[in-house]
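The lines below spell out each chain.
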Amino acid sequence: MMSQESLDEWSETDSDWSPERCLSLTVRGPWGHFRRVEGNVVKQTYRVMPRTTVAGLIAAVLGIERDGYYDLFAPGRSAIAIEPVRGLRTLNMPVNALSTAADNLKSLNSRGKLSVKLPDPMDLRQQHNYEVLVDPAYRIDVALADSETYRELRQTLEAGRSHYVPSLGLSEHLANISFHGEFTIEEGPDDTVVSVDSTLPNAVDDVVLDSDTRCGIEESPAFMTTDAGGRTTTAFTTYAYNPDAKPLRVRNMQPSRVDGRTVVFV
């Protein structure tokens, strides 16, 4: 792990920033749901925690407001590796909900100084089927070019604090964060074929498969920016991953080493 003295010497660099160290944590919980952007009657979930969700989780730890952290996690300003550490398993869960559309909200205490709009509890419930992850857990390695925010994140994680309650997608899917420390990012093996512990971003064609290895593929949001409507996705990443939370072999890739693990940042 890096000392506090070495952390203090770390300074923000230009657009050609290349991370030399990262913070490593594991986030887990009994349930998780990272809603896929495609519309469907069943609200399906990504298996791999999307990069944008990781950014939102870290922003919640730091207390950064909604839509206020996209530049912090922009390309060339951040690096994130994601590794499932438990087998990825899902089930369908029916949920009864009240509509939160504007026409279905009623004002409470409308004559007072503070007015709150809530769904009418007398309305009929709408049933939705959610595909949820069961006991999900992900090891996350994160580096930030913003040295001040990086230092604050390190101190917050070390203290076991979080400004907002962390969750795995939906607010009701509460999460627990375990901080492993700060580690140097070292060069990974340069073999023609390497075994990688983390998910493999944008390397679908280079995965080396065998009869004993399962491989899943999914594309999820990677970067966002603010716009007139609030926010919009500017780039996606296609991940190859092992649903059994085991390494995948890949060719033509230069991975990194973090805490004795082989990972790929995006």
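Look up: the structure comes first, before these words.
Thresholds, definitions, all that
Residues numbered from 1 in each chain as written. Predicted model: local features only at pLDDT ≥ 70, side-chain atom pairs only at ≥ 80, totals over all residues. Heavy atoms only, no water. Helix = DSSP H or I, 4+ residues; strand = E, 2+ residues; numbered from the N terminus. Buried < 20%, exposed > 50% of the residue type's maximum accessible area, 1.4 Å probe, protein only. Areas by Shrake-Rupley, 256 points an atom, 1.4 Å probe, with all protein chains shown as cover. Pairing = 2+ DSSP bridges. Expected span 1.5 Å × (residues − 1). Contact = heavy atoms within 4.5 Å. Phe/Tyr/Trp six-rings, centres within 6.5 Å; stacked < 30°, edge-to-face > 60°.

Things to note about the overall build of the protein
For step 1, the next point in the chain: On a plain count of helices and strands, the protein comes out with three helices and 19 strands.
For step 2, the next point in the chain: For the protein, the residues scored as buried account for 42% of the 266 residues in total.
For step 3, the next point in the chain: Carbon and sulfur atoms make up 45% of the accessible area of the protein, which amounts to about 14100 Å² in all.

Some remarks on the sheet that holds strand E12 (residues 193-196)
For step 1, the next point in the chain: Across the sheet, which stays open at both edges, the three strands sit in the order E12-E17-E14 with antiparallel pairing between neighbours. Of all strands in the sheet, those bounded by a partner on one side alone are E12 and strand E14 (207-208).
For step 2, the next point in the chain: Two strands pair when backbone bridges link them, and E12 and strand E17 (residues 248-251) are joined in this way by four bridges, in the antiparallel orientation. By the bridge assignment for E17, Ser195 is matched with Arg249.

Comments concerning helix H2 (residues 51-62)
For step 1, the next point in the chain: The first and last C-alpha atoms of H2 sit 17 Å apart over twelve residues, in line with the 16 Å expected at 1.5 Å per residue.
For step 2, the next point in the chain: For H2, the complete set of buried residues consists of Arg51, Thr52, Val54, Ala55, Leu57, Ile58, Ala59, Ala60, Val61 and Leu62.

Some thoughts on the environment of Gly230
For step 1, the next point in the chain: In this fold, Gly230 is placed in the loop between strand E15 (216-225) and strand E16 (232-241).
For step 2, the next point in the chain: Given the relative accessible area of 21%, Gly230 is considered partly exposed.
For step 3, the next point in the chain: As for Gly230 and Arg66, which are separated by 164 residues in sequence, their C-alpha atoms are 9.3 Å apart.
For step 4, the next point in the chain: In this view, Gly230 contacts Asp67 and Thr225; residues no more than four positions away in its chain are not counted.

What to know about the packing of aromatic side chains
For step 1, the next point in the chain: For the structure on display, the rule yields three aromatic pairs.
For step 2, the next point in the chain: Summarising the aromatic geometry, the rings of Tyr69 and Phe73 are spaced 6.2 Å apart at their centres and angled 85 degrees between planes, so their arrangement reads as edge-to-face.
For step 3, the next point in the chain: Taken together, the ring pairs connect Tyr69, Tyr70 and Phe73 into an aromatic cluster.

A closer look at the environment of Thr45
For step 1, the next point in the chain: Inspection of the secondary structure puts Thr45 in the loop between strand E3 (42-43) and H2.
For step 2, the next point in the chain: The class for Thr45 is buried, based on a relative accessible area of 0%.
For step 3, the next point in the chain: Non-local contacts of Thr45, meaning those with residues more than four positions away in its chain, are made with His33, Phe34, Arg36, Thr90, Glu131 and Leu133.

So, unusual backbone geometry
For step 1, the next point in the chain: Phi is positive for Asn252, close to 60 degrees, though the residue is something other than glycine.
For step 2, the next point in the chain: Relative accessible area serves as the criterion here: at 60%, Asn252 is assigned to the exposed category.
For step 3, the next point in the chain: A positive phi angle, near 55 degrees, is found at Asp259, a position not held by glycine.
For step 4, the next point in the chain: By the element assignment, Asp259 lies in the loop between strand E18 (256-258) and strand E19 (261-263).

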